[in-house]
Amino acid sequence: MMVQLSSLAGDFALMLRAEWTKLRTVPGWVATAAGALLAILAVGLLGTAATNPNPVRTGLPVGPGGEAVNDSFSFVHRELSGDGTLTVPVLGLTSVTAQGPEGSSPGPVAEWAKAGIIVKAGLDQGSTYAAVTATGAHGVRWQHDYTHDAAGRPGRPTDAAPQWLRLTRTGDTVTGYDSADGEHWTRIGTARLPDLPGTAQVGLFTTSPETPEDTGTGTGLAPAVATGRFGPAVLSGGWAEDPGGPGGPDDGWTGSLVGTDAGTSGSYLPGATGGYARDAAGFTVTGAGDIAPVVGGPALAGGRVVENFLVGTFAGLTALAVVATGSATAEYRRGLIALTLAAAPRRGLLPLAKALPLAGVSLLVGTAAAALAVPLGTAWSTAHGFPVAAVPDAVTLRVVLGTGLLLADATVLALALGLLLRRAAPAIAATVAGLVLPYLLATSGTLPTGASEWLLRVTPAAGFAIQQSLPRLPQVSTLYAPASGHYPLPPWTGLAVLTAWAAAALLAAALLIRRRDA
């Protein structure tokens, strides 16, 4: 057995060396591979080289994890120095939406509209926070630092069935509770916030993102403003005094609008401005926006994401597919395949021997091009008035390396199709039909959302999901459709679909070579 394995490894090593020698000694293939790198850079950078006629200089807020965030809401707050607890019942959550030129009117509550209590490092957008909140359609939620979410009691608050909420701070640890009666409490979650200062801003908040309206290919969004009604707030711990009493000029509470606009709701609707009122019965707080990561949509209006700088991947992919199909079909076209097979006694391994050098070159080309395109494109866009959504370093690394892996898989698929079809033109056409055409059909809005998502689940084009930088999160309301830049599969799952196609095609080529070629 050991002798057989040693012999197999030796034969494969000889084939691998021979295929690598062929690849690097054909000037046209080397030039085309180098051109693929330049094409990815040139197309990506030239495609985003414009100057914004309405420049945005401030960019998007960045959360503690390095991600771009929405952080806009109406906030009724006071300082808490040290430890303390805030308890309040939420008595109702209603909404208005735009309707006609006359202004706003009552409308459905956005599913992720929020009315709750929050402890926040300060009024700066993107600062660390923890909140427990009633929502429009998802019950009570415990959320912190934009990306973390956990469920509490179900139901929307009403006068007859209020949602009782409580936040407790101990040092840099914050705990959220909910209750049906204000007597029996259930802990929903605990968060440690290392960046929480000794004196934090704590209070009541209301916000409401835009409401998605699926139009089939889907880009419709209806703006909304929410109003939360709260009962009296009960405080304990290191709070400032409340000398003025309810509604007094020095009652200890301050109303602020966090963020210079209404976040994902664009701007406040006519007749529905953010603010608050306080009386003996409690508080009424009206606001719009969201507290959540940016996942695309209106929050990115006038901005870009890192995958915008990688649109040249299609040009690089096509160039490398030409090299791959050429390496597969040239020997058939010139009648040299018999010599290659005579020198490869284990002919079933020949496709793999051809694939590995091609995949290695494609991985290097794609990774290097992406590693250059992302920072160069980001710097240029930012300098010319297009803010770029920040993402954590781990996401940038995944996008850059993923671009290389995407090209490696695509090249192997093209090689396998060349071996199966024996002709370069049909093989290149089949590669484009499997990778590029489904992507264009799915993302252009030509097809309904369901059909577009189906294409990006089952075709090789699923692999482009590896380049998506913005998350798809259940606690953020937007149109998660290919037409709005969202893939139906997670990044690595999408790449795995492409890898499976490439592997299956390569296996079919190996079986066919063993049976067909003399």
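Before reading on, note that the structure itself is shown above.
Bear in mind the structure is a predicted one, so any value in this text is a computation, not a measurement.

What follows concerns the overall build of the protein. When its secondary structure is counted, the protein shows 9 helices and 18 strands. Looking at the protein residue by residue over its 518 residues, the buried ones come to 50%. By sequence separation, contacts in the protein at least 24 residues apart represent 76% of the contacts at least 6 residues apart. Summed over all atoms, the accessible surface of the protein reaches about 21500 Å², with 63% contributed by carbon and sulfur.

Below, the discussion takes up the nonpolar core. In terms of nonpolar packing, the biggest core is built from 48 residues, with Leu413, Leu415, Leu435 and Phe464 touching the most fellow members. Of all the secondary-structure elements, those providing two or more residues to this core are α2 (27–46), α3 (313–333), α5 (350–383), α6 (393–421), α7 (424–443) and α9 (491–516). Here this core takes 11 residues from α6, the largest share from any one element. With residues up to four places along the chain from it excluded, the contact list for Leu435 reads Leu317, Ala410, Leu413, Pro460, Ala461, Phe464 and Leu498. One finds Val88, Ile117, Leu165 and Val202 within the second-largest nonpolar core, a separate group that totals 33 residues.

What follows is about the pairing of strand β17 (residues 282–287). Burial runs high along β17: 5 of the 6 residues are buried. When strand β13 (residues 224–230) meets β17, the two strands line up antiparallel, connected through 5 bridges. From the neighbouring strand, Gly228 faces β17, where its bridge partner is Val285. Pairing geometry for strand β16 (residues 275–279) and β17, over 5 bridges, is antiparallel. Considered in β17, the bridge of Arg278 is made with Phe283. Hairpin connection from β16 to β17: 2 residues lie between these consecutive antiparallel strands.

A word on the packing of α2 against α5. The geometry of α2 relative to α5 is characterised by a closest axis approach of 9 Å and an angle of 25° between their N-to-C directions. Classified by the angle their axes make, α2 and α5 are roughly parallel. Judged by the twist between their axes, the crossing of α2 over α5 is right-handed. Residue-level inspection shows Ala33, Ala36, Leu37, Ile40, Leu41 and Leu45 of α2 in contact with α5, the latter providing Val361, Val365, Ala368, Ala369, Leu372, Ala373, Leu376 and Gly377. Looking at the contact of α2 with α5 residue by residue, the class counts come to 13 nonpolar, 1 polar and no charged.

Turning our attention to a nonpolar patch on the surface. The grouping of Leu363, Leu397 and Leu401 at the surface amounts to a nonpolar patch, some 250 Å² of accessible area in total. Locating Leu363 in the fold gives a position in helix α5.

What follows covers unusual backbone geometry. The backbone of Asp145 shows a phi angle near 45°, a positive value even though the residue is not glycine. When you line up the elements, Asp145 lands in the loop between β5 (140–144) and β6 (148–151). A positive phi is found at Tyr146, a non-glycine position, where the angle reads about 75°. Mapped onto the elements, Tyr146 comes out in the loop between β5 and β6. Residue class for Tyr146 comes out buried when judged on its relative accessible area of 2%.

Where α6 meets α7, the axes come as close as 8 Å, and the angle between the chain directions of the two elements is 135°. Judged on the interaxial angle alone, α7 and α6 are oblique. As α6 runs across α7, the sense of the crossing is right-handed. Residues Ala410, Leu413, Ala414, Leu417, Gly418 and Leu421 of α6 form the contact with α7, whose participating residues are Pro426, Ala427, Ala430, Thr431 and Leu435. Looking at side-chain class alone, the contact of α6 with α7 contains 9 nonpolar, 2 polar and no charged residues.

Further remarks concern helix α8 (residues 449–458). Because an α-helix packs 3.6 residues into every turn, residues spaced three or four apart end up facing the same way. Every buried residue belonging to α8 is among Thr449, Ser452, Glu453, Leu455 and Leu456, and all of these are buried. Angularly, the buried residues of α8 cover 155° about the axis, an arc narrow enough to put them on a single face.

Time to look at the packing of aromatic side chains. In the structure shown here, the tally under the stated rule is 7 aromatic pairs. Judged by centre distance (4.8 Å) and plane angle (70°), the ring pair of Tyr129 and Tyr146 falls under edge-to-face. Taken together, the residues span a long stretch of sequence, with Tyr129 in strand β4 (residues 129–135) and Tyr146 in the loop between β5 and β6 at a distance of 17 residues. The residues Tyr129 and Tyr146 share a single accessibility class, namely buried. A network of ring pairs unites the aromatic residues Phe73, Phe75 and Phe205 as a single cluster. Over the ring of Trp253 we find Arg78; its NZ or CZ atom is 4.9 Å from the centre of that ring. Across the ring face of Trp185, the terminal group of Arg166 is positioned such that the distance to the ring centre comes to 4.1 Å.

For the coordinates displayed, the defined rule picks out 7 salt bridges. Measuring nitrogen to oxygen at the nearest pair gives 2.5 Å for the salt bridge that ties Arg141 to Asp149. For Arg141, a relative accessible area of 13% corresponds to the buried category. Taking relative accessible area as the criterion, Asp149 reaches 26% and is therefore assigned partly exposed. Notably, a salt bridge pairs Arg472 with Glu453, separated by 3.7 Å at the nearest N-O pair. In this pair, Arg472 sits in the loop between α8 and α9 while Glu453 sits in helix α8, placing the two residues 19 residues apart along the sequence. With a relative accessible area of 38%, Arg472 lands in the partly exposed category.

Each value, and the rule that gives it
- Residues numbered from 1 in each chain as written.
- Predicted model: local features only at pLDDT ≥ 70, side-chain atom pairs only at ≥ 80, totals over all residues.
- Heavy atoms only, no water.
- Helix = DSSP H or I, 4+ residues; strand = E, 2+ residues; numbered from the N terminus.
- Buried < 20%, exposed > 50% of the residue type's maximum accessible area, 1.4 Å probe, protein only.
- Contact = heavy atoms within 4.5 Å.
- Areas by Shrake-Rupley, 256 points an atom, 1.4 Å probe, with all protein chains shown as cover.
- Core = buried A, V, L, I, M, F, W, Y, C linked by side-chain atoms within 4.5 Å.
- Pairing = 2+ DSSP bridges.
- Axes fitted to C-alpha atoms, helices over the stretch in contact; angles between N-to-C directions.
- Parallel < 35°, antiparallel > 145°, perpendicular 65-115°, else oblique.
- Left-handed = near helix turned anticlockwise from the far one by under 90°.
- Nonpolar A, V, L, I, M, F, W, Y, C, P; charged D, E, K, R; others polar.
- Patch = residues over 30% accessible without salt bridge, like charges linked within 9 Å, V, L, I, M, F, W, Y side chains within 5 Å.
- Salt bridge = Lys/Arg side-chain N within 4 Å of Asp/Glu carboxyl O.
- Arc of directions from axis to C-beta.
- Phe/Tyr/Trp six-rings, centres within 6.5 Å; stacked < 30°, edge-to-face > 60°.
- Lys NZ or Arg CZ within 6 Å of the ring centre and 35° of its normal.

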